Amino acid sequence: MTESAGNKNEDCHAANGVKPGRNGMVKNHHHHHHQYQKQDKVYHAACNGELYSRPFIESFEETPMLVAVLTYMGYGILTIFGYLRDFMREWKIEKCHIAREREEQKDFVSLYQDFENFYTRNLYMRIRDSWNRPICSVPGATFDLVERSSNDYNWTFEYTGRVVKDVINLGSYNYLGFAENTGACATAAGEVTVKFGVGVASTRQEMGNLDKHEELEKLAASFLGVESAMAFGMGFATNSMNIPALAGKGCLILSDELNHASLVLGARLSGSTIRVFKHNNMQSLEKLLRDAIAHGQPRTHRPWKKILILVEGIYSMEGSIIRLPEVIALKKKYKAYLYLDEAHSIGALGPNGRGVVEYFGLDPKDVDVMMGTFTKSFGAAGGYIGGRKDLIDYLRTHSHSAIYATSMSLPVVEQIITSMKCIMGKDGTTIGRSRIQRLAENTVYFRRRLREMGFIIYGNNDSPVVPMMLYMPAKIGAFGREMLKRNIGVVVVGFPATPIIESRARFCISAAHTKEMLDRALDVISEVGDLLQLKYSRHKVLPSLDRPFDETTYEENEE
Amino acid sequence: MKHAHAQSRDSVKMAAGQQWVLVEMVQAFYEAPAYHLILEGILILWIIRLLFSKTYKLQERSDLTEKEKEELIEEWQPEPLVPPVSKDHPSLNYDVVTGPPSHKIIVNGKECINFASFNFLGLLDSERVKLKALLSLKKYGVGTCGPRGFYGTFDVHLELEERLAKFMRTEEAIIYSYGFATIASAIPAYSKRGDIIFVDEAACFSIQKGLQASRSFVKHFKHNDMEDLERLLKEQEIEDQKNPRKARVIRRFIVVEGLYINTADICPLPDLVKLKYKYKVRIFLEESMSFGVLGEHGRGVTEHFGVNIDDIDLISANMENALASIGGFCCGRSFVIDHQRLSGQGYCFSASLPPMLASAAIEALNIMEEDPGIFRVLQDKCKHVHKALQGTPGLKVVGEPLAPALHLQLENSTGSRTNDLKLLRAIVDYSMDRQIALTLARYLEKEERFLPPPSIRVVVTVEQTQEEIERAAQCIREAAVKILK
């Protein structure tokens with residue numbers, strides 16, 4: 001059952017002059033009825049189906065029209081109240097808490113724009129308690145939160161000195177549960193701390209290239225199945241500091257519209273021309289590729305030096321998985337290069353945790369640049385790039401990071417080495433393997449249950465990132481608070497991280513979650529969902545028999 | 001009440017009037033001659049066409065047939081993803097350090113005294129710092145598994161921010177998980193397209209990246225040349241007078257380093273502050289080399305000159321040199337710093353600093369606060385090294401006596417950068433054979449805006465003894481005599 005989302009739809013809709021939205025699905029509220037028939041159909045339609053070795057089920061249910069209208073009204077009301085409050089602040093009726101410019105510098109040009117400020121002051125500030133919640137324990141399956149309270153509607157926080165214990169953690173990217181303070185990883189990292197200290201105080205090219213760094217890179221290369229790899233101290237910087245080394249003036253970068261800020265920044269810093277294709281939409285990508293090659297560079301019509309496609313394995317706000325088999329087919333057909341950011345997918349996908357390439361049963365050699373981070377599945381920090389030896393050699397000599405940035409902290413390196421060995425089974429246990437299995441099962445179970453409850457869930461069935469739609473701005477804060485009241489920590493996101501009406505909650509499933517924890521979380525989500533009327537879905541999913549753990553998700557890939 | 005009634009009656013009348021006009025229009029439509037209708041019809045269609053057609057199509061201007069397109073696609077040959085790197089590229093084969101990168105360091109299998117790592121205060125080797133890091137590891141694990149916004153804020157992060165703000169005597173501090181990303185994220189958080197940044201030519205690479213990311217208008221002034229800066233500021237003033245309305249929305253910044261990593265000299269901060277108020281430009285100060293080095297209490301270049309820290313809009317520094325941990329921070333007034341919590345890309349979109357590294361930084365701050373004498377010791381050592389290196393034949397010392405990281409440049413260049421680098425590398429190798437670990441200063445030659453001349457970096461730390469410094473200076477002298485004949 002390969003759902004090729006709107007791939008087939010798109011052409012006909014585009015011909016009708018309707019703007020296709022994400023995944024080629026038409027976001028037109030007037031046609032939602034018609035849309036449903038279509039969507040049900042595409043669940044069974046196969047497009048490029050032969051490229052996929054496993055079912056690819058991904059859905060983005062249409063926003064119900066009423067909800068969309070109410071959401072806009074919500075923003076309208078909040079904006080009106082915002083202006084009202086600003087007016088009152090102006091006339092000193094309401095106390096103003098905003099940090100002010102220094103008297104001496106009042107006549108300087110203002111440091112930031114007023115609109116950014118309006119949104120922050122009047123909307124974000126009211127529900128600010130849902131973010132930056134300080135924690136004071138391991139970010140494992142459960143964590144302890146530092147309790148804080150506010151007497152002035154979140155302008156300032158006071159720490160009450162109490163700790164909210166054992167909150168179920170559905171927020172951290174701890175996919176394989178390696179965020180631990182005991183066990184093999186923590187012990188090894190502890191030993192290294194005592195021996196080496198935490199800093200390095202030099203760069204890789206000067207005096208900061210330790211044998212441990214090289215060991216990590218060799219291990220990462222063998223884990224990824226590539227010739228060579230290089231590690232960097234920060235995941236964000238891995239993108240933003242290495243893309244400029246790979247592309248420059250006269251090159252074209254094709255970037256998915258929902259790519260992470262670091263990829264966007266890297267592309268911008270490179271000085272290449274950037275064109276954006278619709279999220280995970282292969283028609284859009286192919287059209288850009290064809291036109292780009294046929295027409296060459298703008299104005300001069302010189303042929304492009306090279307074309308680099310930037311995509312992510314799992315999109316962290318959508319929960320979608322890249323259509324990698326199709327991307328690879330396209331990149332081969334048009335001789336483009338592929339840069340794959342596996343920040344969320346490495347460790348979290350594939351029967352051996354080797355990411356989206358393994359998930360689809362593809363050859364890592366077909367991806368030119370394999371990028372990923374150590375922050376998530378490995379419970380550490382930093383990022384890597386893997387690929388052919390000539391690529392990595394080039395980066396060793398030209399990466400901004402290797403030359404100007406301090407090398408990775410050694411306890412962090414040790415954490416990665418130990419956890420990676422565990423995932424690979426090199427530690428002589430099956431812990432890693434069972435965690436991968438566990439994560440896959442947890443993911444499928446959690447997603448299925450949420451859908452059955454009637455929530456709108458975005459993304460791929462196998463993605464451990466589970467976005468659940470909230471839509472209305474007031475529900476962002478309400479959901480975050482109500483969940484915390486019931487001792488569950490969730491992430492809620494709104495504009496500008498998402499489109500304005502698509503505010504959502506995001507759950508990150510971990511291998512560390514037990515079935516009891518997930519069930520408890522699901523019960524609470526359902527309860528809060530009823531309270532806040534979040535069960536928007538109009539797809540009827542019949543609750544199947546509750547047998548979550550008897551089928552393995554990776555059946556067909558098992559050796 | 002009466003008034004309202006009258007009003008509503010008026011509106012009824014008006015509605016009736018409008019209706020009448022409509023009827024008339026329909027009648028006129030029937031009576032109009034056919035050619036008139038056709039003409040109007042064509043005009044309406046034309047208007048619709050104009051409304052809906054794109055004014056120009058960037059991509060599809062030339063009319064290629066599908067076949068031609070296929071041929072073009074078939075013919076196109078891209079450049080390789082990366083150009084080949086020769087096996088003996090000078091920066092391909094890194095020196096390998098085994099064991100801790102501390103005062104005594106094993107480089108390529110040889111134990112040396114470290115004159116290369118920016119471990120100015122020797123805190124990398126501190127048992128106290130290691131112990132605190134270990135305790136933190138046992139409490140929090142290693143990674144944070146999230147950005148600050150999404151459960152990546154730990155109590156130690158808040159503590160470190162508070163401590164840094166207190167140490168620097170500013171209102172607020174914000175920490176980043178990567179030193180390089182600190183100033184590179186801070187600049188574009190404030191300076192946007194259309195704004196103007198005045199920057200010193202010798203500014204380090206992370207500042208250059210920040211400028212690039214901001215897409216602002218960048219004006220370079222000669223290194224530490226206040227006259228040149230004032231000239232640029234005056235030019236801008238004249239420009240502003242021409243268009244005062246535009247001038248009111250252009251933000252202006254001066255971006256400088258406290259102690260330049262590339263030239264090892266100190267910026268004339270008091271003069272900069274004068275210019276700041278004269279021309280209403282904000283100052284961003286990058287202090288990675290001067291934080292924990294200059295000043296009586298290690299507060300950096302503001303303390304060194306006795307400048308009021310509130311006169312500097314933003315100070316940024318990394319925690320990877322003097323503090324010997326990882327990451328960076330910005331500090332200043334809350335009005336300025338708080339803005340980064342939503343706009344600093346490297347802050348919002350990156351996983352937060354591992355808590356054990358934050359704990360290590362806190363302990364390092366403790367040590368610095370408990371024993372401010374350490375800065376005096378460092379400053380004396382710096383002066384000592386500076387003096388000891390004077391008069392090395394064929395090499396000149398670049399940098400101020402107070403700088404903890406000096407550059408040794410060739411007095412007479414061979415004329416080719418590659419050959420210069422080879423000569424300097426030979427000196428480094430010679431010293432390394434004699435237990436003095438040095439390193440070349442590395443740059444991306446094609447990317448640096450103003451590429452500094454090749455040099456050997458000499459780093460001073462408090463752990464180096466009198467005798468070791470003499471030995472190092474002696475060794476470099478010998479090498480220079482031998483190699484630079």
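Throughout, residues of each chain are indexed from 1 in the direction in which the sequence is written. Numbering of ligands from 1 and lettering of chains from A proceed in the order in which they are written. At least 70 in pLDDT is required for a residue's local features to be given in this predicted model, at least 80 for side-chain atom pairs to be given and counted, and no such filter applies to totals for whole chains, interfaces and linings, which use all residues. Values shown for side chains rest on all heavy atoms present in the structure; no hydrogens or waters enter the calculation.

An unreviewed UniProt entry lists chain B under the name Serine palmitoyltransferase 1, with Cyprinus carpio given as the organism. UniProt positions are given in the numbering used here, feature names are shortened, and annotations may be inferred rather than shown by experiment. Taken verbatim from the UniProt record of chain B, the Sequence similarities (unreviewed entry) comment is "Belongs to the class-II pyridoxal-phosphate-dependent aminotransferase family." Its UniProt record gives chain B the following Cofactor (unreviewed entry) comment, quoted word for word: "pyridoxal 5'-phosphate".

An unreviewed UniProt entry lists chain A under the name serine C-palmitoyltransferase, with Cyprinus carpio given as the organism. Recorded in UniProt for chain A, the comment headed Sequence similarities (unreviewed entry) runs: "Belongs to the class-II pyridoxal-phosphate-dependent aminotransferase family." Looking at the Subcellular location (unreviewed entry) heading of the UniProt record, one finds this comment for chain A: "Endoplasmic reticulum membrane".

**Student:** Explain the interface of chain A and chain B to me, using residue names and the numbers behind them.
**Tutor:** We call two residues in contact whenever any of their non-hydrogen atoms come within 4.5 Å of each other. Facing the 120 residues of chain A at the interface are 118 residues of chain B. Joining two parts hides part of their accessible area as seen by a 1.4 Å probe, and the buried area is that hidden amount summed over both. On the chain A side of the contact with chain B, L111, E206 and M207 of chain A bury the most area, a combined 8% of that side's loss. For this document, the term salt bridge refers to a Lys or Arg side-chain nitrogen within 4 Å of an Asp or Glu carboxyl oxygen. Summed over the shared surface of chain A and chain B, the number is eight salt bridges. Linking R290 of chain A and E70 of chain B is a salt bridge whose minimum nitrogen-to-oxygen distance equals 2.9 Å. Here the term charged refers only to Asp, Glu, Lys and Arg, the term nonpolar to Ala, Val, Leu, Ile, Met, Phe, Trp, Tyr, Cys and Pro, and the term polar to all other amino acids, Gly among them. Broken down by class, the residue content of the side of chain A that touches chain B amounts to 61 nonpolar, 32 polar and 27 charged.

**Student:** Could you give an account of the UniProt feature "domain: Aminotransferase class I/classII large" (unreviewed entry) in chain B, naming the residues involved and the relevant values?
**Tutor:** Those residues carrying the UniProt feature "domain: Aminotransferase class I/classII large" (unreviewed entry) are residues 111-474 of chain B in this numbering. Each helix is a run of DSSP H or I of at least 4 residues and each strand a run of E of at least 2, with the numbering of both proceeding from the N terminus. When the span residues 111-474 of chain B is considered, its composition is 45% helix and 16% strand, and the gap between its end C-alpha atoms is 18 Å.

**Student:** Any details on the layout of surface pockets? Residues and values, ideally.
**Tutor:** Here the term cavity refers to a set of points on a 1 Å grid, laid over the protein atoms alone, in which a 1.4 Å probe fits but cannot get out; the term pocket refers to an open set having protein on both sides within 12 Å along at least five of seven lines, with lining residues being those that place an atom within 4 Å of a point. Grid points are joined across faces, edges and corners, and a volume is the space filled by probe spheres set on the points. Of the voids in this model, the second largest pocket is the one considered here, and its volume is about 1300 Å³. In terms of lining, the second largest pocket is formed by 46 residues, of which the most central are H398 of chain A together with L444, E445, K446 and E447 of chain B. At the level of secondary structure, the elements contributing two or more residues to the lining of the second largest pocket comprise α7 (235-246), α8 (261-270) and α12 (389-398) of chain A together with α8 (205-214), β6 (217-221) and α18 (417-433) of chain B.

**Student:** Kindly report on the packing of aromatic side chains, identifying the contributing residues and their values.
**Tutor:** Whether two aromatic rings pair depends on their centres lying within 6.5 Å, for rings of Phe, Tyr and Trp, where Trp uses its six-membered ring; planes under 30 degrees apart make the pair stacked, over 60 edge-to-face, and the rest tilted. Enumeration according to the criterion identifies 28 aromatic pairs over all chains in this entry. Between Y124 of chain A and W131 of chain A the ring centres are 5.6 Å apart and the planes differ by 35°, which places this aromatic pair in the tilted class. For the pair Y124 of chain A and W131 of chain A, a shared accessibility class is recorded, and that class is buried. With a centroid separation of 5.5 Å and an interplanar angle of 70°, the aromatic rings of Y190 of chain B and F284 of chain B are classed as edge-to-face. In this scheme, a residue with accessible area under 20% of its type's maximum is buried, one over 50% is exposed, and one in between is partly exposed, where area comes from a 1.4 Å probe on protein chains only.

**Student:** Account for the UniProt feature "transmembrane region" (unreviewed entry) in chain A, naming residues and giving values.
**Tutor:** As annotated by UniProt and renumbered to match this structure, "transmembrane region" (unreviewed entry) occupies residues 65-84 of chain A. For the annotated span residues 65-84 of chain A, helix accounts for 100% and strand for 0% of the residues, and the straight-line distance between the end C-alpha atoms is 29 Å.

**Student:** Describe the packing of helix α9 (residues 282-295) of chain A against helix α3 (residues 66-75) of chain B, listing the residues and the values that go with them.
**Tutor:** The geometry of a pair of packed helices is captured by two quantities: the angle between their axes and the separation between those axes. Comment: axis = line fitted to C-alpha atoms, over the contacting stretch for helices; angle = value between 0 and 180 degrees taken between N-to-C directions. Relative orientation of the contacting elements α9 of chain A and α3 of chain B amounts to 80°, with a least axis distance of 8 Å. Between α9 of chain A and α3 of chain B, the angle is such that the two are roughly perpendicular. Here R290, D291, I293, A294 and H295 of chain A of α9 of chain A lie close against α3 of chain B, whose contacting residues are E66, K69, E70, L72 and I73 of chain B. Tallied by class, residues from the contact of α9 of chain A with α3 of chain B come to four nonpolar, one polar and five charged. Should an angle fall under 35 degrees it is called roughly parallel, over 145 degrees roughly antiparallel, and 65 to 115 degrees roughly perpendicular, with every other angle called oblique.

**Student:** Got a sec to walk through empty space enclosed by the protein? Specific residues and values, please.
**Tutor:** Which parts of space are left empty comes out when a probe the size of a water molecule is rolled across the atoms. Per the stated rule, a full pass over the model turns up 11 cavities of 30 Å³ or more. Taken as a whole, the largest cavity holds about 390 Å³ of empty space. Looking at the lining of the largest cavity, the elements that each hand over two or more residues are α13 (400-404) of chain A together with α7 (179-190) and α8 of chain B. Its residues placed into classes, the lining of the largest cavity shows 11 nonpolar, nine polar and six charged.

**Student:** Just give me the short version of a nonpolar patch on the surface, but keep the residues and values in it.
**Tutor:** Taken together, I44, L45, I47, I48, L51 and F52 of chain B make up a surface patch of nonpolar side chains, about 690 Å² in accessible area. Here F52 of chain B lies in helix α2 (residues 34-52). The patches described consist of residues with a relative accessible area above 30% and no salt bridge, like charges being joined within 9 Å and nonpolar side chains (Val, Leu, Ile, Met, Phe, Trp, Tyr) within 5 Å. All accessibility values rest on the Shrake-Rupley procedure with a 1.4 Å probe; residue burial counts only the protein chains present in the view.

**Student:** Report on the environment of F118 of chain B, specifying residues and quantitative values.
**Tutor:** Among the secondary structure elements, F118 of chain B is positioned in the loop between β3 (110-114) and α4 (127-140). Residue class for F118 of chain B comes out buried when judged on its relative accessible area of 6%. Remark: the alpha-carbon pair of F118 of chain B and P404 of chain B, spanning 286 residues in sequence, is separated by 8.2 Å. Residue contacts for F118 of chain B: discarding those within four places in its chain leaves A201 and E206 of chain A together with I261, M289, E320, N321, A322, A405, R457 and V459 of chain B.

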